[in-house]
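Listed here are the chains, written in short residue letters.
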Amino acid sequence: MASGLTKMAARVLTCLFTTDAGSLTASELAQRLQVSPASISKAITFLESQSLVRRERDERRRDRYLIDDELFYQATIASARANDQLVATARQGVALLGAHTPAAARLENIARFLDFISESIVRAAEQAREVLHAGQSGQTASRS
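If you're wondering where the values come from, they're calculated on a predicted model, not measured in any experiment.

It is worth spelling out the pattern of salt bridges at this point. Per the stated rule, a full pass over the model turns up eight salt bridges. For Arg55, the salt bridge goes to Glu48, with nearest N and O atoms at 2.6 Å. By relative accessible area, Glu48 is classed as partly exposed at 25%. One salt bridge connects Arg81 with Asp84, and the closest N-O pair in it is separated by 3.2 Å. You can see Arg81 and its partner Asp84 sitting in helix 4 (residues 69-97), three residues apart, about one turn around the helix. Salt bridges linked by common partners bring Glu48, Arg55, Arg57 and Asp63 together as one network.

See below:
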């Protein structure tokens, strides 16, 4: 899986994307995908851990799984912030190895690269977030 999703997680996410409501219960997902509830549970657990879906209780106290634009913003920010730990670890390595060693220079280059990438992703996500919300207000206006 080039995107990092298992086949089942990709199928669940696709199913949620393509339903008009943007949300389904585990039972509805299992029925639509013709798979076991256990398969749905495993896929949902992974997708939740990646902040790609969220869980809400409906009026009948059933869990509903949904996607929305904000989840993708949050997942993108979380991914960028995960790089921050790699940056910190690389910089600890620089301190341990001594700043003037070739290995430390390599680690510092990695840290600067990842730091730049993280900052760029956060800036891009902020700009894209505005685009996502602008699209929602246009959809609301066209429905009225």
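We are not done yet, so read on.
Turning our eyes to something else, we now look at the nonpolar core. Counting residues in hydrophobic clusters, the biggest one holds 20 residues, and the most contacted among them are Val12, Leu16, Leu29 and Leu47. Of all the secondary structure elements, the ones that give two or more residues to this core are helix 1 (7-18), helix 2 (26-33) and helix 3 (37-49). Counting residues per element, this core draws most heavily on helix 1, which supplies six residues. The residues touching Leu29, leaving out its near neighbours within four places in the chain, are Val12, Cys15, Leu16, Leu24, Ile40, Ile44 and Tyr65. Grouped together as the second largest cluster of nonpolar side chains are five residues, Tyr73, Ala80, Val122 and Ala125 included.

Rules used in this analysis
Residues take numbers from 1 onward in each chain, read along the sequence in its written order. In keeping with the model being predicted, local features are shown solely for residues with a pLDDT of at least 70 and side-chain atom pairs are shown and tallied solely at 80 or more, while totals for entire chains, interfaces and linings include all residues. Processing note: side-chain calculations cover all non-hydrogen atoms of the structure and skip hydrogens and water entirely. The salt bridge definition used is simple: a Lys or Arg side-chain nitrogen within 4 Å of an Asp or Glu carboxyl oxygen. Burial classification: accessible surface area is computed with a 1.4 Å probe over protein chains only, and a residue below 20% of its type maximum counts as buried, one above 50% as exposed, and the rest as partly exposed. By definition, any uninterrupted DSSP run of H or I lasting at least four residues is a helix, any uninterrupted run of E lasting at least two residues is a strand, and each is numbered from the N terminus. Throughout this description, the term nonpolar core refers to a set of buried Ala, Val, Leu, Ile, Met, Phe, Trp, Tyr and Cys residues connected via side-chain atoms within 4.5 Å. Contacts were defined at the residue level, with two residues in contact if any of their heavy atoms lie within 4.5 Å.

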